[in-house]
Amino acid sequence: MSAPSITPSPGRHAPAGRRPPRHPRRNRRTLRARLRRDWPLLAMAAPAAALLLVFHYLPTLGNIIAFQDYNPFVGDDPVDAFLNSEWIGFGNFEALFRDPAFWDAVRNTLTITAFQLVFFFPLPILLAILLNSIVSGRVRGFVQSVVYLPHFFSWVLVVTFFVQMLGGAGLLAQEMRQAGLEPWEIMTNPDTFIVLVTAESVWKDLGWGAIVFLAALSAIDPNLYEAAAADGAGRWRRLWHITLPGLRPVIVLLLIMRLGDALSVGFEQFILQREAVGREAAEVLDTFVYYQAISTQQWGLGAAAGLFKAVVGLALILTANKIAHRLGEQGVYAKS
C-alpha cells in the first residue's frame, strides 16, 4: 500500500532553496519608513544630484551632433536644430581621423600625461608622508596652508608668475645677465615645454593632491607602528611594510581615475602658452577642439573629438580596473 501524499498546508514554510514571495505592500511600507528616516540626507544630497544631472548627464544628449552636420541656425530652438540638421553618420569621425593635426594633438596629450604620471603623480604621496611625519600640529598646519594655497590661483596667475620668474625679462634672466651669462630660454623653448607645464602643475596642485593621501594615512592604525617599532623595525621598514600598503588602495584608485583622464591634460594652461612655444609643442586635444572646431563653427567635429575622448577614457578605466582586480585591489568598483 503506497504512502498517502502529503499536501503542505498554507501555513507551512516554502521548500528549502526557494525564496518566499515578496509582498509589494510590505516593500512600500519599508520604502516609506526609509524615506522618513533618511529625508534629511536626501535633502542635502538633492542640490548636488541636480547639479550633476543638469551639467553632466543632460549635456551628454548633445553627443548626437557628432553624427550630424549640425547647424544651430536651421531651427527656432536647439531642438529644431537637432531635428533639422543633416545626418551624416560617421562623417565627422572620418574627417577627424584624417586630420594630421588631430593625431599631433593626441600624441602631445598622451606624452604629457605619461610624463606627469612618472614625475608628478608620486609627489603628492611623498608630500603627504612628509607632512604626516611632522610632530608639531602648528607647523604641520602652516605648511599645509602654504602648499594648498596655489591650488586656488587661476592659471592666468600661475603662468604670469612663471613668466616673471623664468621669462626673458624675468628675475632669473636678469640675474644671469648681471653675472655675464646668457639667459636660458625656458618659457619659449618648445623642447622643454613638457617640463615647464609639469613644473607649473606641481607648484599649483601638489598640496591639494596630498589631501586624499593624508586622509588615508590618518586611517592607518597607530598600533601597527608601535608594534613594528617594538619588534625592531626602523623608519624605512615601517614605511615599506605599513605606510605604503595602507596607501595602496587609494593610490590604485587615483591612478585608475588619472588614466581615465589621459586625454584631458587641461585647456587654460596650454592656450595661454601656445603662441610662445608654437602649436607643435603646445597643441593638445582640448586646444585642438577650440581652434579647429569651435572657432571655425564645426560643431559636429568638436563633438566627435569629445566623444572620442570619452570612449578612450572609459576603455582605459575599465582596462586598468580589470588589472587592479587581478592584482587583488578593489579599484573603482568592487568585482561582482
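Not measured: the values here are computed from a predicted model.

Undergrad: Would you mind showing me how to read the overall build of the protein chain here?
TA: In terms of helices and strands, the protein chain carries 16 helices and 2 strands. Each principal axis of the C-alpha atoms in the protein chain carries an extent, and together these give about 115 × 75 × 40 Å. A buried classification covers 30% of the 336 residues belonging to the protein chain. Long-range pairs, those at least 24 residues apart, make up 64% of the contacts in the protein chain with a sequence separation of at least 6. Within the structure as shown, the protein chain displays about 22400 Å² of accessible surface, and the carbon and sulfur contribution to it stands at 64%.

Undergrad: Looking at this structure, how should I read the confidence of the model for the protein chain?
TA: Keep in mind that low pLDDT regions are not for reading the predicted coordinates in detail. The pLDDT averaged across the protein chain works out to 87; a share of 91% of its residues lies at or above 70. Counting interchain partners and residues more than four positions distant, the pLDDT-below-50 stretch residues 1-14 has 0 contacts.

Undergrad: Help me out: how do you make sense of the packing of aromatic side chains in this one?
TA: Each pair of aromatic rings is reported with the distance of its centres and the angle of its planes. The full count for this structure, using the stated rule, is 22 aromatic pairs. Ring plane angle 45 degrees and centroid distance 5.5 Å describe the contact between Phe67 and Phe93, whose orientation is recorded as tilted. With a gap of 26 residues between them, Phe67 in the loop between α1 (24-57) and β1 (68-69) and Phe93 in helix α3 (residues 91-98) connect regions that are remote in the sequence. Assessed through its relative accessible area of 12%, Phe93 is described here as buried. Both rings, one in Trp103 and one in Phe308, keep their centres 6.5 Å apart while their planes meet at 85 degrees; by these two values the pair is edge-to-face. Within this pair, whereas Trp103 is found in helix α4 (residues 100-119), its partner Phe308 is found in helix α16 (residues 299-326), the two being separated by 205 residues in sequence. Judged by relative accessible area, which is 17%, Phe308 ranks as buried. Put simply, the rings of Phe67, Trp87, Phe90, Phe93, Phe97, Phe102, Trp103, Phe288 and Phe308 pair up and form one aromatic cluster. One residue, Lys204, lies across the ring of Trp155, its end atom 5.2 Å from the ring centre.

Undergrad: Just to check I follow, could you spell out unusual backbone geometry for this structure?
TA: A negative phi holds for most residues other than glycine; trans holds for most peptide bonds. A positive phi is found at Gln297, a non-glycine position, where the angle reads about 60 degrees. For Gln297, the location among the structural elements is in the loop between α15 (285-294) and α16.

Undergrad: Sorry, what's going on with the environment of Gly313 here?
TA: Here Gly313 shows up in helix α16. Sequence spacing of Gly313 and Trp208 is 105 residues, and the spatial spacing of their C-alpha atoms is 23 Å.

Undergrad: Would you explain the pattern of salt bridges in this entry?
TA: In a structure, side chains of opposite charge can pair up when their charged atoms sit close to one another. Under the counting rule described, the total for this entry stands at 8 salt bridges. With a shortest N-O distance of 3.0 Å, Glu283 and Arg274 are connected by a salt bridge. Overall, the relative accessible area of 9% leaves Arg274 in the buried class. One network of salt bridges, with partners in common, ties together Arg274, Glu275 and Glu283.

Undergrad: Explain the nonpolar core to me, please; I cannot follow it from the model alone.
TA: Soluble globular proteins tend to pack their nonpolar side chains together in the buried interior. Core analysis: the biggest nonpolar cluster contains 21 residues, and Ala66, Leu96, Phe102, Val106, Leu285 and Phe288 have the highest contact counts within it. Sorting the residues of this core by element identifies α3, α4, α15 and α16 as the ones contributing at least two each. Counting residues per element, this core draws most heavily on α16, which supplies 6 residues. If near-sequence neighbours (up to four positions away) are discounted, Phe102 is found in contact with Leu96, Phe97, Leu285, Phe288 and Phe308. Of all hydrophobic cores here, the second largest spans 18 residues; its members include Phe121, Leu217, Leu247 and Val250.

Undergrad: What's the story with helix α9 (residues 193-218) in this structure? I'm lost.
TA: Think of an α-helix as turning once every 3.6 residues; residues three or four places apart then point the same way. Taking 1.5 Å of rise per residue, the 26 residues of α9 would be expected to cover 38 Å, and the 37 Å separating its terminal C-alpha atoms lies within 8% of that figure. Considering bend angle alone, the principal kink of α9 is centred on Asp205 and spans about 55 degrees.

Undergrad: Just checking my understanding: could you explain α15 for this structure?
TA: Buried within α15 are the following residues: Leu285, Asp286, Thr287, Phe288, Val289 and Ala293. As for α15, its buried residues are in contact with α3, α4, α12 (268-271), α14 (279-282) and α16.

Parameters at a glance
Residues numbered from 1 in each chain as written. Predicted model: local features only at pLDDT ≥ 70, side-chain atom pairs only at ≥ 80, totals over all residues. Heavy atoms only, no water. Helix = DSSP H or I, 4+ residues; strand = E, 2+ residues; numbered from the N terminus. Buried < 20%, exposed > 50% of the residue type's maximum accessible area, 1.4 Å probe, protein only. Contact = heavy atoms within 4.5 Å. Areas by Shrake-Rupley, 256 points an atom, 1.4 Å probe, with all protein chains shown as cover. pLDDT = per-residue confidence, 0-100. Phe/Tyr/Trp six-rings, centres within 6.5 Å; stacked < 30°, edge-to-face > 60°. Lys NZ or Arg CZ within 6 Å of the ring centre and 35° of its normal. Salt bridge = Lys/Arg side-chain N within 4 Å of Asp/Glu carboxyl O. Core = buried A, V, L, I, M, F, W, Y, C linked by side-chain atoms within 4.5 Å. Expected span 1.5 Å × (residues − 1). Bend = angle between axes of the 7 residues up to and from the residue.

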